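Residues per chain, in single letters:
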Amino acid sequence: MASTSTFASTSSFNLIPQWNYDVFLSFRGEDTRFTFTDHLYANLIRRGIHTFRDDSLKRGEEIAPELVKVIEESRFALIVFSENYAGSRWCLDELVKIMECKKKMKQTVIPIFYHVDPSHVRKQTERFGEAFSNHKEDTDEMKEKMRNWRTALTEAANISGEHVKDGYESEHVKRIVNNIFMRLNCRMFDVGANLVSVDSHVNEIIQRLCVDQLNDVRMMGICGIGGMGKTTIAKVIYNKLSHEFKYMSFLENVREVSNTMGLNHLQNQLLSDLLEVKGNQSISSADQGANMIKNVLRFKRVFIVLDDIDDSDQLEYLLRNRDWLGKGSRVIITTRNKHLLQEMDDTDEIEGLNFEEARELFSLYAFRQILPEQDFIHLTDRVVHHCHGLPLALKVLGSLLFNKTILQWESELCKLKREPELKVQNVLKISFDGLDHTQKKIFLDIACFFKGEDKDIVSRILDGCDLYAEIGIKVLCDRCLIFVSKNKILMHDLIQEMGWNIIRSEFPDHPRKWSRLWDPSDVCRAFAMKKGMKKVEAIFLDLSRSKQLKFSFKVFAKMKRLRLLKIYWRDHCGSMKNEYKVILPEDFQFPSHELRYLFWEGYPLKSLPSNFHGENLVEINMMDSNIKQLWHGNKCLGKLKILNLEGSKQLTEVSHFSNMPNLEELELASCTNLSTIDPSIGVLKKLTCLSLTECENLTSLPSSIQYLDSLETTYLK
């Protein structure tokens, strides 16, 4: 006994159909091959619709496997029911396969009743009944076949189609072709040919959308930094699911359109897509538009993509909540801001390509092949490492370097170190532009100074600058500008470069005018100009990458906005430090009213400047310094939380603890000349950590240490 497996192709049904044809034409050759079907085929081809017409495949008792494969790979099936259609076993087998694809692969079937009554097809009467009387039911296999044929005819005839009976056939052909053209082209996007690692995201998201479940509403979020491929993934999904829904809309670039043309324009586009009409929908206000959308969406099964959402108002007036949507509806939202996806059923955060994928994508643009040319392998790997898996950067740089010489490649790579590719930077900077003033300051501080640092330490410093670190870091994480892993603040290298470029771009050749200085060569250039650095807020100088530097009192004196100062060795220690000294005059002074963070490893003077004011300082870290006495006189350090003088071998005393009541950590290890601890240490009610290891001259502790109520950790040996 035969079953539908008779028609199984060599390829099994996939969850996501791979359409290689737009239209499959099923027809009875002797009825319409040289007339109606020929005109229909010619007009489909003329409109650019990729259509299969069976003119060459050899006919037999069963339809050929290659024909089965073609049917499976066709988005639409046009069935021309003519008088003698049911007289062909071949046609009937095709029909069964088509209806099977409609059920399992969501193929769109359009019946054309060519001078036949749809009821005759549905009920197998008149010529269709006569045809069945000529098919012999002499075996169980034939009986099963005929049952399948009848079922397929009935199901196909119940589908709304085109009845060619009266009028000009050319008008019917035009209407059919226009219908196919509109349904193909209004729902499909060109996503380009060079797609790498897109299918895995697409398949995963489609699976999680559960399109076959018709009794619920599902909303899916796709997030990630700019240039990661969110829109491309959404477009591919939209293309693949276009056959599943009657009502669909893809609102592209919502952020940009909303800013330039207003929400009314987006509402009008959404309504036009869902109502399948063109023109303005007479929306006078966003509130009115929202109400119209709500009424149109009600009871409809829709598929909507809102691309590049960046503000909650856009969601509020385009798709307020899932109650607006009919059962079976699906929504995808792409955004750079995870915070906007809290109401989603699921979220997919797009991460960068791995090295092999990145090299393949870059090669497709740079060499027009999947592997780099032999002479360019090393240079290719340098570019790929620079892009850190960001698809946009790989595409832009690949196109830029296409057909260039090795010397031109090397020149471009040198340029990228100081001047990032503008097209990539502009895309990445969109997320930065959406931040408020405080959030921008946090982002720039992290990009310049705190990438890879412990989140708690960074938060303490930023809070000391009145930047509200907890909420600020959360916003940056939501916008995919940073991420936290194992309590370390991390960011994509190109995002960091974007931050650097924001600082440099205002005054490209004048580092003394920058708000932040982090590169040793720029620090040296700024000080070498021997002019005021009025705008500088933060300086981090890695002495292991710098040569001997002499600080001018006059230059420092004008840094009234300085809040972060860190001078340190990253890569060298011990005797190597002597090679990289900062030279200070004995009367050296620097402004400290705004200073919140002071980290000066190997500080060369005996004490801090006489004019030093530390009322806003949160942390003092002066390891391995020449400090003998931290300061002269009585200083108020009411906000100080960390005091680290470890390894300061000249230090003899630290007094006036009563002036630093909020101190939490006191690090005095290896201060070999320290002989006493001031009894005022007992007032430090918030001190949690005290380190006095290897303090060789310290023989006793004051009794007041017993009053350190919060002390958790003490190091004494």
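Residues numbered from 1 in each chain as written. Predicted model: local features only at pLDDT ≥ 70, side-chain atom pairs only at ≥ 80, totals over all residues. Heavy atoms only, no water.

S.K.: Help me understand the sheet that holds strand β8 (residues 302-309) in this model?
M.R.: Sheet strands line up and pair through hydrogen bonds in the backbone, either parallel or antiparallel. Ordered by their spatial adjacency, 5 strands build an open sheet running β7-β8-β9-β6-β10, and the pairing between neighbours is parallel. Each of the sheet's edge strands pairs with one partner strand only, and the pair in question is β7 (247-251) and β10 (346-349). Taking each pair of neighbouring strands and ignoring which way they run, the sheet shows an average axis angle of 10°. Looking at chain direction, β7 and β8 are connected through 5 bridges and run parallel. (Pairing = 2+ DSSP bridges. Helix = DSSP H or I, 4+ residues; strand = E, 2+ residues; numbered from the N terminus. Axes fitted to C-alpha atoms, helices over the stretch in contact; angles between N-to-C directions.)

S.K.: Where do I start with helix α23 (residues 493-506) in this structure?
M.R.: Helical geometry note: an α-helix holds 3.6 residues per turn, so side chains three or four residues apart project in the same direction. Here α23 is 14 residues long and its end C-alpha atoms lie 21 Å apart, about the 20 Å a rise of 1.5 Å per residue gives. Of the positions making up α23, those classed as buried are L494, I495, Q496, E497, M498, G499, I502, I503 and R504. (Expected span 1.5 Å × (residues − 1). Buried < 20%, exposed > 50% of the residue type's maximum accessible area, 1.4 Å probe, protein only.)

S.K.: How should I be thinking about the pairing of strand β1 (residues 21-26) in this particular structure?
M.R.: Remark: a regular strand shows side chains that alternate across the two faces of the sheet. The buried count for β1 comes to 6 of 6 residues, which makes it a mostly enclosed element. As paired strands, β1 and strand β3 (residues 74-81) are joined by 5 bridges and run parallel to one another. Looking at the pairing, V23 lines up with F76 of β3. Summarising the sheet, β1 and strand β2 (residues 51-53) pair through 3 bridges and their orientation is parallel. The partner of L25 across the bridge, within β2, is R53.

S.K.: Please explain the layout of surface pockets as it appears in this structure.
M.R.: Leftover empty space is mapped by rolling, across the atoms, a probe with the size of a water molecule. Counted as a void, the second largest pocket has a volume near 590 Å³. Mapped by element, the contributors of at least two residues to the lining of the second largest pocket are α10 (230-241), β8, α17 (391-401) and α19 (422-433). Looking at the lining of the second largest pocket, the element that brings in the most residues is α17, giving 5 residues. For the lining of the second largest pocket, a count of residues per class yields 8 nonpolar, 8 polar and 10 charged. (1 Å grid on protein atoms, 1.4 Å probe; cavity = no way out; pocket = protein on both sides within 12 Å on 5 of 7 lines; lining within 4 Å. Points joined across faces, edges and corners; volume = space filled by probe spheres on them. Nonpolar A, V, L, I, M, F, W, Y, C, P; charged D, E, K, R; others polar.)

S.K.: Please clarify how the pattern of salt bridges should be interpreted in this entry.
M.R.: For side chains bearing opposite charge, pairing can occur when the charged atoms are close. A complete count under the given rule lists 40 salt bridges for this structure. Among the ionic pairs, D93 bridges to K145, the shortest N-O distance being 3.3 Å. Of the two residues, D93 sits in helix α4 (residues 89-105) while K145 sits in helix α7 (residues 140-157), which places them 52 residues apart along the sequence. For the pair formed by D93 and K145, the shared burial category is buried. Through salt bridges with shared partners, a single ionic network connects K441, D445, R516, E537, R561 and R563. (Salt bridge = Lys/Arg side-chain N within 4 Å of Asp/Glu carboxyl O.)

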